[in-house]
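# Chains, contacts and geometry: an overview
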Amino acid sequence: MHELKATRDEKAPGAAAAAAKLGRAIVITSGKGGVGKTTTTANLGTALAQRGARVVLVDADIGLRNLDIVLGLESRVKHHLLDVLDETVSLDDALVPDKHSETLSLLPAAQAREKEEVDTEKMRALIQSLRERFDYVLIDCPAGIELGFKNAVAGADEAIVVCTPEVSAVRDVDRVVGLLGNRFKPQLIINRLRPQLVKKGKMLSVDDVNAILRLPLLGVIADEPEIIVTTNRGEPLALRKDAPTGAAYHAIAARVAGEDVPAPMPHLKETFLERLGSIFGGKRP
Amino acid sequence: MNGASQSHPQRYSEKDVTLLRGRRKGLEVALAGRELGQAFDELEARLGERPGFYRGTSAVATFGTTHASVPDLSRLRGILASAGIELRAVSGSVEVGEAARACELAFETPAGPSDEHELERRRALRPRRGVKLSDAARSLVADFAGARADIADRRRRGEASVPRTDPSIEPAPPDAALAGEFAPALHLVEAPPSTLYHAGTLRGGQALHYDGNVVLVGDVNPGAELIATGDVLVFGRLAGVAHAGAQGDERARVYALDLDATQLRIATFIAADGENRPARTNAARPEAALVRDGAIVVVAFDQLGALERGASLS
Amino acid sequence: MSGRRIVITSGKGGVGKTTTTANLGAALAKRGKRVILIDADIGLRNLDLVLGLEKRIVFDLVEVAEGRCQLRQALIKDKRFDSLSILPAAQTREKDAITEEQFSAIVARAAEQSDYVLIDCPAGIEAGFRNAIAGAAEAIVVTTPEVSAIRDADRVVGKLNDRGKPIRLIVNRLRSEMVRSGDMLSVDDVCEILAIELVGVVPDDEEIIDTTNRGEPVVLDETSRLRAIYDKIARRLEGEIVPFTSFENQGFFGRLIDAMKAG
C-alpha cells in the first residue's frame, strides 16, 4: 500500500520513506504539556498496529516517562532508551511487546536519568535503525522546547502536532511549528474538544484554532472522562474500534496511512461534521 | 509629558466620521445615501462600544433623499433609546416626513447645501476634543509612558534594537535634522533604505528584525515580532507585535490587510487596542498605523489620502 | 523583611501551574499582599495571557537579566488588583537566555519589593525548571489525581528534596464522581504517594477554560466556587489553619476516608 501511494503522489507524507523502503518516523509534539501527546501516541500506534502495520513507540521523555503507563506496560519495563543508546543492552532486549496489539512494541524512556544524557547523533542513528525494522516509528515528544524536544525531533522526518482548543495551547503549538521549520510539514490533531462548550462560545472552535495554526487537520478528538480512566488503567481507547473515540483514532490512523477518510465523528453535531468535512482531504483551511 | 504616549490607536474611517456627528444641540445621525439596514447595524455596534457615553443626549436623524419607512424609524428610535439617546426629530424627503408623523416624531426640513458646507467648515475649525479614557486605558498609558521614555533614552545612548549597517555612523539625536551639524541618522542617508521581502507566516516566538522596510506576505501570529527601522507592511493578518521606525523615524508606518496587533510601536510610541474592543467582523479592511499629533492612529487605507490632504480626524 | 519566594511546579505539563500561579497570586493580592508573579517559561510564555495583560508587555525577564532595563520597568501592574504585578517571560528567546544566577538575582530583587514572589515554572525537569527553582525558597507542587501526573510530581518532589526546600501540594482538577466510582485517585491516595503537606484541593471546573482564554482570573468571579478555594489556599499559606471541606468520601479502593482531606 505504501508503494502505491508513493507513485500516485510524491508529496504525500511518507512517500519518500516508502520509496526508500523505510518505515516512517513521526514525532508527536505540541510545546504545551498536558494536551495529550502521550495518549495520542499510544492510541495512534495501537490503531496502526491493529491494521497490521509493524509499529514501535519511542518514549523520548527521559526522566518523566509515561508512555509505559498509558499502555499498561510499566511492570514490564526492564531496559530503556538510554541503555540502548549507550549500547549496554541490545534493542531487542529493551523493546517491550504490547499487551494488546501483536505488532506493537514500546521502547521506554529512562526514569531516573536526565534528558541531557541523550546524544543527538546517536538518537538519529537509533531512529534510523528502527525505521529499517518497523513500518512506523512514533516518537512521543516531551513538553517544552528544550533539549528533550530537540532530541525527539532529531530522528523524525514527519511531525504531528497535538493541540487543545485553548488560547495558551494554540500559542505554544504555533511556536513549535515555527521551530520545526521547513523540514517538516506538520499535521494537526485537535484534542479534548467539547462541542457543547464551543456552541456556548466558551471554547475555541476547530476553525478558531486553525485560523492561527493553518495546518492540515488529521482529526479531532472530543473530550470524555473515559480517556482518563483508560489511561489510568493502561488500556488505550483505540482498542475499542466501535466507540466514538476509538473510531476517531482509527480514522486518523487511516489518514496517516494515506487513505482519504471522511470525518467519522457521530458524537459531534451535524453542522460541526460539515465544517470538518470541508477541511478534510488534506486541504488547507 | 502629556500626549507622550497614546495608549489606544484611534480608528477612523469614512463611515465613522459621517454616521454619528456632533451638532450644536445634541447629535446627528447621518443616513443620507446609506443602506439603512447596514447603517443601523453599524450604529448599534458603535453605540455598544461606549455604553452610557451618550446617555441623556438627543439626536436628529437626517435621511437626505434616502427613503425611510415607519419600521425603519421605529428601529432607529429603539437603537438610540438603548444607548440613552432620545430621537428628537428626523429630516428628509416628504415620505420620510409622513413616516415621521406616523411615529409621532418631529420633522425638520433638510439642511440645504450651504448648511452642509457651513457644518464642514466649522468642524474643521473645531479643536480636537480630548479622548475620554477608561481606567484600564489610563493604566495602560501610565505603563507605556515609562517604557517610551526608556526606549528614547536607549536610542539616544546609541543602543538600537536593530543592528546598524555602518557602525561608524553615530545615531543622531532627535533634533539633528534641525541642528544640521551631526552625522545624519540612517534615514537621512542618500541611499534609500532597502526593503526585505519575506513570503511566509511568522509564527509565535519568531522574530524578524530588519534595517530597512519589511514587506511580509503572510501572517504575523500572536507572539511573533516584526521590527524594522523603516516601514512595515503585512500582506496578511498582523496579530503579533510590529515596530516600525525602530531607530526613531516617527514618519514610519505599519500597514496590514488585517491589523489586529497585540501591540503597535512606531519610533518611541506604543499603542495597544482598548480592552473592550467589539468583536471583529470577518471582513477585515486594510489599515495603516502612523503617528499623528503625538499619538499612534489607525486609519483605513482608503482614508489615508484624505488624511494626508489635511482632513480633520474628528 | 523580604518577601517569600515560592515556585509553582509540577513536572507534568498541563496540570494547572499557570492557572494556579495567577489565581493564587490574585487571591493573595485581594487580601492586601504585595505580590509579584514571574513567568519563567521562556519561549512558551502564558502567564500574561491568563491574566489578560499580553498587550502591555514592553520589557521581559530576559531584558532585565541582560541589564537592558530595570526590573520596575518590566513589571506590569495588573488591571484589577493594585498590589499584583507580573514579570513576563521572553517569547522570542530560549531557556538558555538566562542563567540560574541571573534568575535568582532577579527573584531576590523582586522579593525586596513584595510580600510574595510566585514563580510560574515551565513543564519538565530541564534547564527551564532548574532556573525556576533556583530562585525559590519554597515550592508548591501542583498535580492532578492521575497516575502519570503523580509520577512526574514525585520525580519533581525528589529533585526539590535534594535542595532542601519546603514543599507543599495542591491537587488540581479533582472530579469527585470519578473518585467515587473508583476511576480517579482520591486526594488521600495522592497525599500518601507524594507525602508532602497538602495546601489545597481544587475541583475540576469547566469555567476555568473560558476564564483563562479571556484572561480573567477566576477569583474575580463572585459566583465561582473556585474563588473561595483559592482564598483558602492563600490563607493556609499565610499560616492559618483552614479545614478542608469534604466533598468526596470514597478512596480509590473504597477505603474509608479521613474526612479532613478535601477542599
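Residues numbered from 1 in each chain as written. Chains lettered and ligands numbered in written order. Predicted model: local features only at pLDDT ≥ 70, side-chain atom pairs only at ≥ 80, totals over all residues. Heavy atoms only, no water.

Another point: the overall build of chain C. Helices and strands together make up the secondary structure of chain C, namely 11 helices and eight strands. What you see for chain C is a C-alpha radius of gyration of 18 Å, in line with the 18 Å of a compact globule of 263 residues. Considering only C-alpha atoms, chain C reaches an extent of 60 × 40 × 35 Å along its principal axes. Nonlocal contacts in chain C, meaning residues at least 24 apart in sequence, comprise 74% of its contacts between residues at least 6 apart. Accessible surface, chain C: about 9200 Å² in total, of which carbon and sulfur atoms supply 45%. Across chain C, the centroid of the 37 positively charged side chains sits 3 Å from that of the 41 negatively charged ones. (Helix = DSSP H or I, 4+ residues; strand = E, 2+ residues; numbered from the N terminus. Rg over C-alpha atoms; globule rule 2.2 N^0.38 Å. Contact = heavy atoms within 4.5 Å. Areas by Shrake-Rupley, 256 points an atom, 1.4 Å probe, with all protein chains shown as cover. Lys, Arg positive; Asp, Glu negative; His and termini not counted. Charge placed at Lys NZ, Arg CZ, Asp CG, Glu CD.)

What follows deals with the interface of chain C and chain A. Counting residues at the interface gives 38 residues for chain C, matched by 45 residues for chain A. Across the chain C/chain A interface, buried area totals approximately 3600 Å², and carbon plus sulfur atoms make up 47% of it. Counting the surface chain C buries against chain A, the share from its top three residues, Leu 44, Glu 126 and Arg 151 of chain C, is 20%. Taken together, chain C and chain A are joined by eight salt bridges. For the salt bridge of Glu 114 of chain A with Arg 155 of chain C, the shortest nitrogen-to-oxygen distance reads 3.5 Å. Where chain C touches chain A, the interface holds 21 residue pairs in polar contact (both at pLDDT 80 or more). Where the side of chain C that touches chain A is concerned, the elements lending two or more residues are α6 (127–134), α7 (147–162) and α10 (207–214) of chain C. (Buried area = accessible area lost by both parts, 1.4 Å probe. Salt bridge = Lys/Arg side-chain N within 4 Å of Asp/Glu carboxyl O. Polar contact = N/O pair within 3.5 Å; in protein donor to acceptor, adjacent residues only side chain to side chain.)

Okay, the pattern of salt bridges next. In total, this model carries 47 salt bridges over all chains according to the counting rule given. Through salt bridges with shared partners, a single ionic network connects Lys 202 of chain A together with Glu 207, Asp 210 and Arg 214 of chain C.

Another point: the packing of aromatic side chains. All names here are of chain B. Inspection of the entire model under this criterion finds one aromatic pair over all chains. Centre to centre, the rings of Tyr 255 and Phe 301 are 6.1 Å apart; their planes meet at 70°, and the pair counts as edge-to-face. Remark: Phe 301 occurs in the loop between β17 (295–300) and α8 (304–308) and Tyr 255 occurs in strand β13 (residues 254–259); sequence separation between them is 46 residues. Residue Tyr 255 is classed as buried on the basis of its relative accessible area, which comes to 17%. Assessed through its relative accessible area of 45%, Phe 301 is described here as partly exposed. (Phe/Tyr/Trp six-rings, centres within 6.5 Å; stacked < 30°, edge-to-face > 60°. Buried < 20%, exposed > 50% of the residue type's maximum accessible area, 1.4 Å probe, protein only.)

Further remarks concern the packing of helix α2 (residues 36–49) of chain B against helix α3 (residues 70–82) of chain B. Residues and elements named next belong to chain B. Interhelical geometry of α2 versus α3 gives an angle of 10° and a closest axis separation of 10 Å. In terms of axis orientation, α2 runs roughly parallel to α3. Contacts between α2 and α3 involve Leu 36, Gly 37, Phe 40, Asp 41, Leu 43, Glu 44 and Leu 47 on the former and, on the latter, Asp 72, Arg 75, Leu 76, Ile 79 and Leu 80. Across the contact of α2 with α3, the residue classes tally to seven nonpolar, one polar and four charged. (Axes fitted to C-alpha atoms, helices over the stretch in contact; angles between N-to-C directions. Parallel < 35°, antiparallel > 145°, perpendicular 65-115°, else oblique. Nonpolar A, V, L, I, M, F, W, Y, C, P; charged D, E, K, R; others polar.)

It is worth spelling out a nonpolar patch on the surface at this point. Residues Tyr 197, Val 217, Phe 235 and Leu 257 of chain B make up a contiguous nonpolar surface patch of about 380 Å² in total accessible area. Residue position: Phe 235 of chain B is located in strand β11 (residues 232–238). (Patch = residues over 30% accessible without salt bridge, like charges linked within 9 Å, V, L, I, M, F, W, Y side chains within 5 Å.)

Time to look at the nonpolar core. Formed by 93 residues in total, the largest nonpolar core has its most connected members in Leu 107 and Leu 130 of chain A. Among the elements that take part in this core, helix α9 (residues 167–180) of chain A stands out by supplying seven residues, more than any other. Excluding anything up to four places from it in sequence, Leu 130 of chain A contacts Val 56, Val 58, Leu 91, Leu 107 and Val 137 of chain A. Judged by nonpolar contacts, the second largest core, of 60 residues, contains Ile 38, Cys 69, Ile 119 and Ile 125 of chain C. (Core = buried A, V, L, I, M, F, W, Y, C linked by side-chain atoms within 4.5 Å.)

Residue and element names in this part refer to chain A. The element strand β6 (residues 158–163) is largely enclosed, with a buried count of six among its six residues. Side-chain alternation along β6 places Glu 158, Ile 160 and Val 162 on one buried face and Ala 159, Val 161 and Cys 163 on a second face that is also buried. The pairing of strand β1 (residues 24–29) with β6 spans four bridges and is classified as parallel. Bridge pairing links Ile 28 to Ile 160 in β6. Here β6 pairs with strand β7 (residues 187–193) via four bridges, running parallel. Across the sheet, residue Ile 160 finds its bridge partner in β7, namely Gln 187. Once the chain exits β6 it traverses α9 before rejoining the sheet at β7, and the crossover so formed is right-handed. (Pairing = 2+ DSSP bridges. Right-handed = clockwise from strand over helix to strand, strands pointing away.)

Another point: α7 of chain C. If you check α7 of chain C, its first and last C-alpha atoms are 23 Å apart, about what 16 residues at 1.5 Å a residue would give, namely 22 Å. When we look at burial in α7 of chain C, the residues that qualify are Ser 148, Ala 149, Ile 150, Arg 151, Asp 152, Ala 153, Arg 155, Val 156, Val 157, Lys 159 and Leu 160 of chain C. On its buried face, α7 of chain C sits against α4 (67–71) of chain A together with β1 (4–9), α6, β6 (138–143), β7 (167–174) and α9 (187–194) of chain C. One or two residues past the end of α7 of chain C sits Gly 164 of chain C, with phi positive at roughly 65°. (Expected span 1.5 Å × (residues − 1).)

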